[in-house]
Amino acid sequence: MSLRLLPTLLRPVRAAVLLLASAVLTSSCITEDVPADTRQGNFDALWRTLDERYCFFSYKAAEYGLDWNEVRSRYAPAVSEGMTERQLFEVLADMTRELRDGHVNLYAAHDVARYGAWFDDYPMNYSDSLERKYLGRAEDYAQASGLAYRVLDDNIGYVRCASFESDFGDGNLNEVVLALRGCDGLIVDVRSNGGGMLTAAQHLASLFVNEPVVAGYMSHKTGPGHDDFSTPEAFMLEPFRALRWQKPVAILTNRRTYSAANAFVMYLKGLPGVTVVGDRTGGGAGMPLSAELPCGWLLRFSACPIYDRQMQLSEMGIDPDVKVDISAADYARGTDTIIETARALLRAAAR
Amino acid sequence: MRHVLLFLVACCAAAGRGQTPAAPCASSAPTEHQLLFGAGRVNVLDTYLSPLEYAGPVLGVVHRSERLARWGRGRVTVTGLVAGRAAYAHSPTDDGKAWDGELTAAFGWHRNWHPLPGLRLGVGGLAELSTGFTYNLRNGNNPAQGRLGADVALSAIAAYDFSLRGRPFSARMQMDVPLTGAQFTPNYGQSYYEIFSLGHYDRNVRWTHPLNAPSARLLATLTVPLGRARLSLGYWADIRQSELNHLKRHAWSHQFVVGYVRRLRLCP
């Protein structure tokens, strides 16, 4: 090959190399601008992460006047480089509590920052000692996939669901309904159920519908602005594929009925034959996601709002149909006022 | 690590022996296979999971094949590449840990020129498919990020065969830059529960180009004779980046690679 032809031959190669080089050079490294691991840097990182990703700013501004910029101005003077880690944690924990959200947590090695006024300011309305009186000894009740159940002496079925941390097996749910099918009514006790998996809550709720119904609506943030949200999309509650409950049901709630348990109540409240008895639920209608601060602390925050079928947020709780507190006298007598109220309602409905 | 590399070198030397002799079917063009094992470091960022960059050791494997196309009058080569890597990375303070993995398959053609004896320059295109994940061990509802993408990449090859003391050596460099494609991504604050349990999709497949997904792969090797085998040593950089739906991601992987080259002929 003649060397005189070399420039001609290399022309397309040169063009390709130039294109490659320009593609590489015009695009830069994609990195995230993270504040330094200083006291101020961690304060900034926490404030900014929530500012961009937390989903209830506008809702809470309307509910109780939350102003996240004002919160920053108020807490910023409390941060100095001379403070200890624990002091910084206290400041950041207090700042997260301004959101009044049980799904906002800051996890450090020595503590978990959490907001608890949604249950601490109200009666407990649940006692595991009273629960033992109704369920009896271990051999008196059955347990399937985390559900404890038995038939009470007035032929009312009682199911205690303490958590939605793991899903239920179809076979387990079928067996529970089969065992209680002769009862006149059913109590599903989700008091002090702090939530878990939404899919588990939907699975249990599916026992009480015979056709698909709109369970609620869900959306998510589409950008860092406080009002950058997708259009809420409906999601359905599908009927359970095996035995389903066809008689009246009472759902027992208290202020610690939270997150997925709150969603369970939201799915069923208002449906025919369903009565919610007890106290207002704790709320928690935002699916939480996680992020980290430069110092390594984990931050959890509500990210995806869930609306009921009327497009209302239940972030601050759901009111029961029948409001009942356990009275001091009933505590002393060993009687659970909420269970007794539900039993009376179900017996009346059966007559 | 030194023993692992020595072991790999020994294995590669053994595997690279005994190339198929050319004589019985000299008319058919040989296919060059290169298998490389890599070890290095990776730096991973995925703001869907954490704003912090995770870093750690990475292990990888690349298989590359190249042969003359049946068309193109001997100027066009067909290239195939399959690469995988897995990494265990940790956050700057070591509080967070994550597994990261990526699998890429690419196939394409190069138009080649031989401007000087022994020197080959090639330019072409690749169609690439890639999938991967990052699994953060401490997150709750957003523990993992899945990746799936397809793109068309511009690819350039420079290869130089030369002799030293009568022994054949070969230096080769290939660079691939994705030009356009499509990639799966959740939306900014969207949960996987919405996507996979509820079937709520929202801009989950995005068009990619060098401005929102500037990525590149560089594979540079020197193949040296070792007994009857041909041992390859080199460097593999895999730079994958994207900024889609306000979510930033990068995985910068740099690996030292060792392996072997075999030339095989398919005889009728």
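In this convention, every chain numbers its residues from 1, walking through the sequence in written order. Each chain is given a letter, starting from A, and each ligand a number, starting from 1, according to the order in which they appear as written. For this predicted model, a pLDDT threshold of at least 70 governs which residues receive local features, and a threshold of 80 or more governs which side-chain atom pairs are given and counted, while totals over whole chains, interfaces and linings are taken from all residues.

**Overview of the interface of chain A and chain B**
The parts lose accessible area when they come together, and the size of an interface is often stated as this lost area. Remark: residues whose backbone-derived C-beta atoms lie within 7 Å of one another are considered to be in contact. The partner chain B presents 44 residues to the 44 residues of chain A that form the contact. Numbering goes from the N terminus for both helices and strands, where a helix is a DSSP run of H or I of at least four residues and a strand is a run of E of at least two. At the level of elements, α1 (6-26), α2 (39-53), α9 (198-205), β8 (233-237), β11 (286-292) and β12 (298-307) of chain A are the ones that each hand at least two residues to the side of chain A that touches chain B. Of the residues forming the side of chain A that touches chain B, the biggest block, twelve residues, is contributed by α1 of chain A. Charged means Asp, Glu, Lys or Arg here, nonpolar means Ala, Val, Leu, Ile, Met, Phe, Trp, Tyr, Cys or Pro, and polar covers whatever is left, Gly included. For the side of chain A that touches chain B, the class distribution of residues is 27 nonpolar, eleven polar and six charged.

**With respect to the domain arrangement of chain A**
Residue and element names in this part refer to chain A. These domain boundaries are the output of an automatic or database domain assignment. According to the domain assignment, chain A consists of domain 1 (39-120) and domain 2 (128-209 + 244-283 + 318-350). Here the C-alpha centroids of domain 1 and domain 2 sit 35 Å apart. Contacts between the two partners involve four residues from domain 1, matched on the other side by six residues from domain 2. Its residues assigned to classes, the side of domain 1 that touches domain 2 shows two nonpolar, two polar and no charged.

**Here's the deal with the sheet that holds strand β6 (residues 185-189) of chain A**
All names here are of chain A. Spatially, β3-β4-β5-β6-β9-β10-β13 is the arrangement adopted by the seven strands of the open sheet, whose pairing is mixed. Two strands bound the open sheet, and with one partner strand each, they are β3 (142-144) and β13 (322-323). Pairing between strands is defined by DSSP: at least two bridges between them are needed. Sheet topology note: the strand β9 (residues 249-253)/strand β10 (residues 274-278) ladder contains five bridges and is parallel. Residue pairing in the sheet places T253 in a bridge with G278 of β10. Axis angles are defined between N-to-C directions and span 0 to 180 degrees, where every axis is a line fitted to C-alpha atoms and, for a helix, only to the segment in contact. Helix-sheet contacts for helix α8 (residues 170-180) involve β3, β4 (147-151), β5 (156-161) and β6, and the interaxial angle to β4 is about 15°.

**Overview of the confidence of the model for chain B**
Residue and element names in this part refer to chain B. Per-residue confidence from the predictor is given as pLDDT, running between 0 and 100. Confidence in the prediction for chain B averages 90 pLDDT; 88% of positions are at 70 or higher. Residue range residues 16-24 is modelled with pLDDT below 50. Its contacts to residues more than four positions away, or to other chains, number 16 contacts. Across the interface, the model reports ipTM at 0.89; the global pTM reads 0.89.

**As for the pairing of strand β4 (residues 97-116) of chain B**
Regular strands have side chains that alternate between both faces of the sheet. Residues and elements named next belong to chain B. Of the pairings in the sheet, the one linking strand β3 (residues 76-90) to β4 comprises 15 bridges and is antiparallel in character. Bridge pairing in β4 links Y88 to W99. Counted along the chain from β3 to the antiparallel partner β4, the turn is six residues long, and its residue D94 has a positive phi close to 70°. Of the pairings in the sheet, the one linking β4 to strand β5 (residues 119-136) comprises 17 bridges and is antiparallel in character. Bridge assignment links W113 to a residue of β5, and that residue is L121. Hairpin connection, β4 to β5: the antiparallel pair is bridged by two residues, and G118 has positive phi, about 85°.

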